[in-house]
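# Tertiary structure, described
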Amino acid sequence: LAKTSCDDRSWIVRKAATDSLAKIATLNDLPSLRKLATMLEDFDPLPRMAAIYGIAELCGVGHRKAIGLAEARLEHRDPGTRQACVQLLEKITTSDNDHIYKLVEERLEDEDEHVRDSAYYGLIEIKKNVPGRR
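The text that follows walks through the structure, step by step, so that each part is easy to find. These numbers were taken from a predicted model, which means no experiment stands behind them.

## Focus on the overall build of the chain
Summing up its helical and strand segments, the chain has 8 helices and 0 strands in all. For 134 residues, the compact-globule formula gives about 14 Å, and the C-alpha radius of gyration of the chain, at 14 Å, lands near that figure. For the chain, the spread of C-alpha atoms along the three principal axes comes to 40 × 35 × 20 Å. Buried positions account for 49% of the 134 residues belonging to the chain. Restricting to contacts in the chain with at least 6 residues of sequence separation, those with at least 24 account for 64%. For the chain, the computed accessible surface area is about 7300 Å², with 51% contributed by carbon and sulfur atoms. Side-chain charges of the chain comprise 21 positive and 23 negative groups, with the mean position of each set lying 5 Å from the other.

## Description of the packing of helix H3 (residues 30-38) against helix H4 (residues 45-59)
H4 packs onto H3 with a crossing angle of 150° between their chain directions and a minimal axis gap of 9 Å. Of the possible angle classes, the one that applies to H3 and H4 is roughly antiparallel. Of the two elements, H3 crosses H4, and the hand of that crossing is left-handed. Residues Leu33, Leu36 and Ala37 of H3 form the contact with H4, whose participating residues are Ala51, Ile55, Leu58 and Cys59.

## Structural notes on the pattern of salt bridges
As a working rule, side chains carrying opposite charge can pair if their charged atoms are close by. Counted according to the given criterion, the structure contains 11 salt bridges. Residues Arg82 and Asp110 are paired through a salt bridge, measuring 2.8 Å at the closest nitrogen-oxygen approach. Here Asp110 lies in the loop between helix H7 (98-106) and helix H8 (113-128) and Arg82 lies in helix H6 (residues 79-92), a separation of 28 residues in the sequence. Taken individually, Arg82 and Asp110 each receive the classification buried, so the pair is uniform in this respect. Members of the salt-bridge network, linked through shared partners, are Glu75, Arg82, Arg107, Asp110 and Glu111.

## Some remarks on a nonpolar patch on the surface
A cluster of nonpolar side chains, Trp11, Ile12 and Leu46, forms an exposed patch at the surface whose accessible area comes to about 270 Å². Examined against the element boundaries, Ile12 turns out to sit in helix H2 (residues 11-24). By relative accessible area, Ile12 is classed as exposed at 51%.

## Re the environment of Asn97
Assignment of secondary structure puts Asn97 in the loop between H6 and H7. Of the residues examined, Asn97 reaches a relative accessible area of 21% and is grouped as partly exposed.

Rules and cut-offs
Numbering of residues starts from 1 in every chain and runs along the sequence as written. With the structure being a predicted model, the display of local features is reserved for residues of pLDDT at least 70 and the display and counting of side-chain atom pairs for 80 or more, all residues being used for whole-chain, interface and lining totals. As a convention, hydrogens and water are excluded, and side-chain values are obtained from all of the structure's heavy atoms. Numbering goes from the N terminus for both helices and strands, where a helix is a DSSP run of H or I of at least four residues and a strand is a run of E of at least two. Atoms counted for the radius of gyration: C-alpha only. Globule rule: 2.2 Å times residue count to the power 0.38. Burial here depends on accessible area, computed with a 1.4 Å probe over protein chains only, as a share of the maximum for the residue type. Under 20% is buried, over 50% is exposed, and the range in between is partly exposed. By definition, residues are in contact when any of their heavy atoms lie within 4.5 Å. Exposure was quantified through the Shrake-Rupley algorithm and a 1.4 Å probe, taking into account, for residues, occlusion by the shown protein chains and nothing else. Note on charges: Lys and Arg go in the positive column, Asp and Glu in the negative column, and His and the chain ends are not counted at all. Working definition for charges: the position is that of NZ of Lys, CZ of Arg, CG of Asp or CD of Glu. Axis lines are fitted to C-alpha atoms, over the contacting stretch for helices. Their N-to-C directions set the angle, which ranges from 0 to 180 degrees. In these notes the angle categories are as follows: under 35 degrees is roughly parallel, over 145 is roughly antiparallel, 65 to 115 is roughly perpendicular, and the rest is oblique. By the definition used in this description, the sense in which the near helix is turned from the far one sets the handedness, with an anticlockwise turn below a right angle giving left-handed and a clockwise turn giving right-handed. In the sections that follow, a salt bridge refers to a side-chain nitrogen of Lys or Arg positioned within 4 Å of a carboxyl oxygen of Asp or Glu. Residues forming no salt bridge and having over 30% relative accessible area are the ones grouped into patches, like charges within 9 Å of each other and nonpolar side chains (Val, Leu, Ile, Met, Phe, Trp, Tyr) within 5 Å.

Given below as structure tokens:
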């Protein structure tokens, strides 16, 4: 039910469904993780935020699959999606992941000011994410 409600026309339903999916999913539930990552592309910011916090809570710092799902969307045409991915990477990337750090750093040159701002603050937060911390 939560997965299908993520596709509802109402942003309120999509946000609630995203919150619910994040709560019932387990760490090894890849279809749910993929669906949460898809919600990073939602056209409304509140379901996107629910996906950010849901993935971060579900996966924790250093989860490679979650990092890969966010990384794949850093060049998305929608600035809201790019911003959401930067904000997610800020929460789940460890300070020793130079590759992701550089990708977020590249977003400092993004055409959208909100993406640039998120990248600036994200880089500060990534530095605080010590490897091995969950």
